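Chain residues, written in single-letter form:
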Amino acid sequence: MAPTTKESPAFDPKDVTVVFVLGGPGAGKGTQCAKLVSGHGFSHLSAGDLLRAEQQREGSEYGDLIREYIKDGKIVPSEVTINLLKNAMRDILTQAGKTTGRFLIDGFPRKMDQAHSFEEIVCPAKLVLFFDCPENVMEERLLERGKTSGRSDDNADSIRKRFKTFVETSMPVIDYYEKEGKVVKIDATQSPDAVYAKTEELLSQRLGAGF
Ligand SMILES: Nc1ncnc2c1ncn2[C@@H]1O[C@H](COP(=O)(O)OP(=O)(O)O)[C@@H](O)[C@H]1O
Ligand SMILES: O=c1ccn([C@@H]2O[C@H](COP(=O)(O)OP(=O)(O)O)[C@@H](O)[C@H]2O)c(=O)[nH]1
């Protein structure tokens, strides 16, 4: 029997640095990514933002599916999210006329199968930033964000479901990368500036001063 050939990832980790940004809902992932973009020139891709944009895109075959999954705090099937991420990475590189780049992939992977598929299809990850925050703090932040975010899942019922998904399905991803020695864990309970200072300090140790 002929050996099965595995497709190689779309991007070579020699050209493309991928940092996964994980943490529970409301831990402050998006806030810290915005700071890393302005401070260190990363490109930021939020899986949740890409899904919400796809949900609203006219003619999308996934609109209803995404809406239901997000409201219930469930994880949208991997293929949908991985394709959105891969296309967005390609668009960013194309628009910059570059073959190299550094990406913060925010809120992804949230499930083990997503982690494996992304690394096989798109690009192996270099590091995982894990913003660690207790549920009571995250809940308070999300309810506050819900006053202005307009997000269908920033309400008490959806928040409870998102926490359950995070503990049961997403924490194992962090545990897996911890064993691989790739996790940079940061206490996310301090002020945004204090969390950022710690993030910079720990990233410097892993990626080099000033990274
Ligand atoms: N360190 C922090 N302290 C207090 N509030 C924060 C902090 N980081 C983020 N927030 C606020 O908490 C809410 C959730 O933050 P966000 O970055 O959107 O989290 P995530 O992307 O993890 O869901 C936002 O309203 C944000 O302004
Ligand atoms: O890879 C992903 C990322 C997000 N989501 C969905 O999008 C929601 C919101 O995720 P986001 O990262 O935008 O926000 P957070 O819950 O971290 O505040 C999640 O609860 C999931 O339903 C998903 O299905 N797959």
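All figures in this text were calculated on a predicted structure; none of them were measured in a lab.

Trainee: Before we move on, can you summarise the environment of T31 with the specific residues and values?
Mentor: With respect to the helices and strands, T31 occurs in helix α1 (residues 29-40). For the pair T31 and S204, spaced 173 residues apart in sequence, the C-alpha separation works out to 19 Å.

Trainee: Summarise the site of ligand 1; cite the residues concerned and give the values.
Mentor: In the neighbourhood of ligand 1, the contacting residues comprise G24, G26, A27, G28, K29, G30, T31, R141, R145, Q190, S191 and P192. In this structure, G30 approaches ligand 1 through a main-chain N or O atom, which is 2.9 Å from an oxygen atom. Here a nitrogen atom of ligand 1 sits 3.2 Å away from a polar atom, N or O, in the side chain of R141. Taken together, the elements giving at least two residues each to the shell around ligand 1 come down to α1 and α6 (135-149). It is α1 that provides the largest number of residues to the shell around ligand 1, a total of three residues. Residue composition of the shell around ligand 1, grouped by class: two nonpolar, seven polar and three charged.

Trainee: Would you mind going over unusual backbone geometry in detail, with residue names and values included?
Mentor: Cis geometry marks the peptide bond from F108 to P109, where omega comes out at 0 degrees. Tracing the backbone shows P109 in the loop between β3 (101-106) and α5 (112-121). If you check the backbone angles, F211 has positive phi at about 20 degrees while not being a glycine. Looking at the element boundaries, F211 is found in the segment after α8 (192-207). Look at F211 and you get buried, because its relative accessible area is 16%.

The rules behind the values
Residues numbered from 1 in each chain as written. Chains lettered and ligands numbered in written order. Predicted model: local features only at pLDDT ≥ 70, side-chain atom pairs only at ≥ 80, totals over all residues. Heavy atoms only, no water. Helix = DSSP H or I, 4+ residues; strand = E, 2+ residues; numbered from the N terminus. Near = heavy atom within 4 Å. Polar contact = N/O pair within 3.5 Å; in protein donor to acceptor, adjacent residues only side chain to side chain. Nonpolar A, V, L, I, M, F, W, Y, C, P; charged D, E, K, R; others polar. Buried < 20%, exposed > 50% of the residue type's maximum accessible area, 1.4 Å probe, protein only.

So, to be careful, I would describe these as geometric facts and stop short of saying anything about function.
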